[in-house]
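Letter by letter, the chains look like this.
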Amino acid sequence: MMVLPFIGFAGSAAAILAGRRGIAIGLWLAGLIGTLALFAAHATSTLDLAF
């Protein structure tokens, strides 16, 4: 699941090299939003510790 934002970032880098600025910005923003969403899901999960 965590690979999805990085695919967006890699697509953004490829779009930059291809000269597609609008697509690059869109993919970068999608990767950023995906990263933040996955971080929010990770940071708010509870730890079920039993001692």
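Residues numbered from 1 in each chain as written. Predicted model: local features only at pLDDT ≥ 70, side-chain atom pairs only at ≥ 80, totals over all residues. Heavy atoms only, no water.

A. Quick peek at the overall build of the chain. Within the chain, the regular secondary structure consists of two helices and zero strands. For 51 residues, the compact-globule estimate of 2.2 N^0.38 gives 10 Å, and the chain exceeds it by more than 25% at 15 Å. Across the 51 residues in the chain, those meeting the buried criterion constitute 12%. As presented, the chain carries roughly 4,200 Å² of accessible surface, and 75% of it is formed by carbon and sulfur atoms. (Helix = DSSP H or I, 4+ residues; strand = E, 2+ residues; numbered from the N terminus. Rg over C-alpha atoms; globule rule 2.2 N^0.38 Å. Buried < 20%, exposed > 50% of the residue type's maximum accessible area, 1.4 Å probe, protein only. Areas by Shrake-Rupley, 256 points an atom, 1.4 Å probe, with all protein chains shown as cover.)

B. Geometry of the packing of helix α1 (residues 3-18) against helix α2 (residues 21-43). Put simply, α1 and α2 touch, their axes get as near as 8 Å, and they point 165° apart. Relative to α2, α1 is oriented roughly antiparallel. When the axes of α1 and α2 are compared, the crossing they make is left-handed. Only I23, A24, L27, W28, G31, L32, G34, T35 and L38 of α2 make contact with α1, whose side of the interface consists of P5, G8, F9, G11, S12, A15 and I16. Taken together, the residues of the contact of α1 with α2 break down into 10 nonpolar, six polar and no charged. (Axes fitted to C-alpha atoms, helices over the stretch in contact; angles between N-to-C directions. Parallel < 35°, antiparallel > 145°, perpendicular 65-115°, else oblique. Left-handed = near helix turned anticlockwise from the far one by under 90°. Contact = heavy atoms within 4.5 Å. Nonpolar A, V, L, I, M, F, W, Y, C, P; charged D, E, K, R; others polar.)

C. Structural context of a nonpolar patch on the surface. A grouping of I25, W28, L29, L32, I33 and L36 is seen on the molecular surface, where their side chains present a nonpolar patch of about 560 Å² in accessible area. Inspection of the secondary structure puts L32 in helix α2. (Patch = residues over 30% accessible without salt bridge, like charges linked within 9 Å, V, L, I, M, F, W, Y side chains within 5 Å. Salt bridge = Lys/Arg side-chain N within 4 Å of Asp/Glu carboxyl O.)

D. Structural context of α1. Over its 16 residues, α1 runs 22 Å from end to end, which matches the ideal 22 Å to within 8%, given 1.5 Å per residue. Along α1, the positions that sit buried rather than exposed are P5, G8, S12 and A15. Down the axis, α1 shows its buried residues gathered within 75° of arc, on one side only. Among the exposed residues of α1, those pointing more than 90 degrees away from its buried face are I7, L17 and A18. (Expected span 1.5 Å × (residues − 1). Arc of directions from axis to C-beta.)

E. Region of interest: the environment of P5. Within the secondary structure, P5 sits in helix α1. Considering only alpha carbons, one finds P5 and L27, 22 residues apart in sequence, at a separation of 9.0 Å. Beyond its immediate sequence surroundings of up to four residues, P5 is in contact with G31, G34, T35 and L38.

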